[in-house]
Amino acid sequence: MTHEITPENLVQAVEGGEDVHILDVRAHERLASGRIDIVPADRFHNVRGSELLARDDPGIPRGAHVAVVCGLGNDSRRVAAHLSSHGYRAESVAGGMIAWNHTVIARELKAPPQLDRLVQLDRIAKGALGYLLVSDGEAFVVDPPRFVEAYEGGLRGAKLVGVADTHAHADYISGAEALARAHFVPYYLHPSDAIYPYDGTPGALRFKPVAGGERLRVGRAELEVVHTPGHTEGSVTWKCGDAFALTGDFLFVKSVGRPDLGGKTDEWTKVLFESLRAAKRAWPRTLRIYPAHYGAASERAADHTVGGALGDLANEPLRIDDAGRFAAWIRARAGKLPDAYRRIKAINIGLESVEDEEADVLEAGRNECALK
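Residues numbered from 1 in each chain as written. Predicted model: local features only at pLDDT ≥ 70, side-chain atom pairs only at ≥ 80, totals over all residues. Heavy atoms only, no water.

Would you mind going over the overall build of the protein chain in detail, with residue names and values included?
Scanning the protein chain for helices and strands turns up 10 helices and 18 strands. A compact globule built from 372 residues would reach a C-alpha radius of gyration of about 21 Å, and the protein chain, at 21 Å, matches this within 12%. If you line up the protein chain on its principal axes, its C-alpha atoms span 65 × 50 × 40 Å. Counting across all 372 residues of the protein chain, residues that qualify as buried make up 55%. For the protein chain, restricting intrachain contacts to residue pairs at least 6 apart in sequence, the fraction spanning at least 24 positions comes to 61%. On the protein chain, roughly 15,700 Å² of surface is accessible, and the fraction owed to carbon and sulfur atoms is 50%. Each charge class in the protein chain was averaged separately, 45 positive and 52 negative side chains, and the resulting centres sit 3 Å apart. (Helix = DSSP H or I, 4+ residues; strand = E, 2+ residues; numbered from the N terminus. Rg over C-alpha atoms; globule rule 2.2 N^0.38 Å. Buried < 20%, exposed > 50% of the residue type's maximum accessible area, 1.4 Å probe, protein only. Contact = heavy atoms within 4.5 Å. Areas by Shrake-Rupley, 256 points an atom, 1.4 Å probe, with all protein chains shown as cover. Lys, Arg positive; Asp, Glu negative; His and termini not counted. Charge placed at Lys NZ, Arg CZ, Asp CG, Glu CD.)

How would you summarise the pattern of salt bridges if you had to cite specific residues and measurements?
Evaluation of the coordinates by the stated rule reveals 29 salt bridges. A salt bridge links Glu 177 to Arg 181; the nearest nitrogen and oxygen atoms lie 3.8 Å apart. Residue Glu 177 and its partner Arg 181 are both found in helix H6 (residues 176–183); the two are separated by 4 residues, about one turn of the helix. Residue classification places Arg 181 among the partly exposed positions, given a relative accessible area of 47%. Where Lys 264 meets Glu 233, a salt bridge forms, and the shortest distance between an N and an O atom there is 3.8 Å. (Salt bridge = Lys/Arg side-chain N within 4 Å of Asp/Glu carboxyl O.)

Break down unusual backbone geometry for me, with residues and values.
Even without glycine at this site, Asp 136 takes up a positive phi of about 50 degrees. One can find Asp 136 in the loop between strand S8 (128–135) and strand S9 (138–142).

So what's going on with the sheet that holds strand S15 (residues 236–240)? Which residues, and what values?
What the 6 strands build is an open sheet, ordered S13-S14-S15-S16-S17-S18; its pairing is mixed. Two strands close off the open sheet at either side, each with one partner strand: strand S13 (215–218) and strand S18 (308–309). (Pairing = 2+ DSSP bridges.)

How would you sum up the sheet that holds strand S2 (residues 20–24)? Please name residues and give values.
The strand order across the open sheet formed by 5 strands is S1-S5-S4-S2-S3, and the pairing between neighbours is parallel. What marks the edges here is a single partner per strand, and that holds for strand S1 (4–5) and strand S3 (44–46). As paired strands, S2 and strand S4 (residues 65–69) are joined by 5 bridges and run parallel to one another. When the bridges of S4 are listed, His 21 appears paired with Val 66. Of the strands in this sheet, S1, S2, S4 and strand S5 (89–93) touch helix H3 (residues 75–84), which is tilted by about 175 degrees from S5. (Axes fitted to C-alpha atoms, helices over the stretch in contact; angles between N-to-C directions.)

An account of the packing of aromatic side chains is needed here, citing residue identities and associated values.
To describe a pair of aromatic rings, one takes the distance between the centres and the angle between the planes. The final tally for this structure, using the stated rule, is 8 aromatic pairs. Seen from their ring centres, Phe 273 and Phe 326 are 5.4 Å apart, and the 50 degrees between their planes marks the pair as tilted. With Phe 273 in helix H7 (residues 265–282) and Phe 326 in helix H8 (residues 323–331), the pair connects residues that are 53 residues apart, well separated along the chain. Both residues of the pair, Phe 273 and Phe 326, count as buried. Through a chain of ring-to-ring contacts, the aromatic side chains of Tyr 131, Phe 244 and Tyr 290 assemble into a single cluster. The ring of Phe 44 has Arg 35 sitting right over it, with the charged end atom 4.2 Å from the ring centre. The side chain of Arg 342 reaches across the aromatic face of Tyr 198, ending 4.1 Å from its centre. (Phe/Tyr/Trp six-rings, centres within 6.5 Å; stacked < 30°, edge-to-face > 60°. Lys NZ or Arg CZ within 6 Å of the ring centre and 35° of its normal.)

Quick rundown of the nonpolar core? Include the residues and the values.
Counting 64 residues, the largest nonpolar core has Leu 10, Ile 22, Leu 133, Phe 140, Trp 238 and Leu 251 as the members making the most contacts within it. Here Leu 133 is in contact with Leu 115, Arg 117, Leu 118, Glu 138, Ala 139, Phe 140, Leu 223, Phe 244 and Leu 246, once residues within four sequence places are set aside. Counting residues in each nonpolar core, the second largest holds 33 residues, with Ala 139, Val 148, Ala 168 and Tyr 341 among its members. (Core = buried A, V, L, I, M, F, W, Y, C linked by side-chain atoms within 4.5 Å.)

Report on the packing of H7 against H8, specifying residues and quantitative values.
Helix packing geometry: the angle between the two helix axes and the distance between the axes. At a closest axis distance of 10 Å, the pairing of H7 and H8 adopts a crossing angle of 120 degrees. Taken together, the axes of H7 and H8 lie oblique to each other. In this structure, the crossing between H7 and H8 has a hand that is right-handed. Residues Thr 269, Leu 272, Phe 273 and Leu 276 of H7 pack against Ala 323, Phe 326, Ala 327 and Ile 330 of H8. (Parallel < 35°, antiparallel > 145°, perpendicular 65-115°, else oblique. Left-handed = near helix turned anticlockwise from the far one by under 90°.)

Here it is, written out as structure tokens:
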């Protein structure tokens, strides 16, 4: 019998300190579309399944715990059974890389007095983060992906009263509008992000426009919308008093959102600098920053959550106070727009539709939304 391990249980094992080896049995060129990267390099192995079935030594210490992964979870079952018969504790990753790319891990954050719960939902394959806020039986969701089961399961009887995107995403397909429609609640978006930035075409979304300075109540909590453009023209931060800010792709733990994804790099770089300067002037150093993305495990806290106090962020561009030096920093790091991003942006503002199979291809791999 072939044993399987779910992506969620794999994350739990690795984060619990278990020395799991990842054995990816896809062709080497398939790794370019993404791989399971939650273990150190010496515990990640890539050998084609057909080669492994012809031998009994994958180059992993015998007796080790091995999670075998392929595209859909079929080839990995055969390889896991083969390795198990040769003395390995081998398990097939259920659903393969498709399931891995869909997996969302919920992590409880310390909630301020205004909230009963604050949950960070980590789409670990992409390094994408969404949030669930609950206060006095009401819930609010920010930046969900297209599969929202973890968000709906996290409601635990609370009534969803609104869903928001901090901006029109380019690296993954949003589930915000669909989630809002399913629960008959508003979908909040800044109107400047309901426009295709490359040619100015208006989007075809049903949304409730928000602007900087607006406030929204969720239970006993008051959320303030802060317009923080630069990564996109309509980028906003959802701020809860002086407790925390959901900054989207405006501000990350170690970087800032790329201003070069809309074809207006020079213009948006100036806007981003002013947004950062305004935030540094107005926001307390103790304000907790919770972004929509992270780039590496080094951005995680000891409890595996992502975020930190504004004054403690190890963030080089945040510390630059001169506009010219900031622009030079951006120019030195701006790069090629990922091929799929234009299409994903069009999908997210309702200009195009997509089937699940193609969506999996478009979304494959980690986000490239931060400047490195």
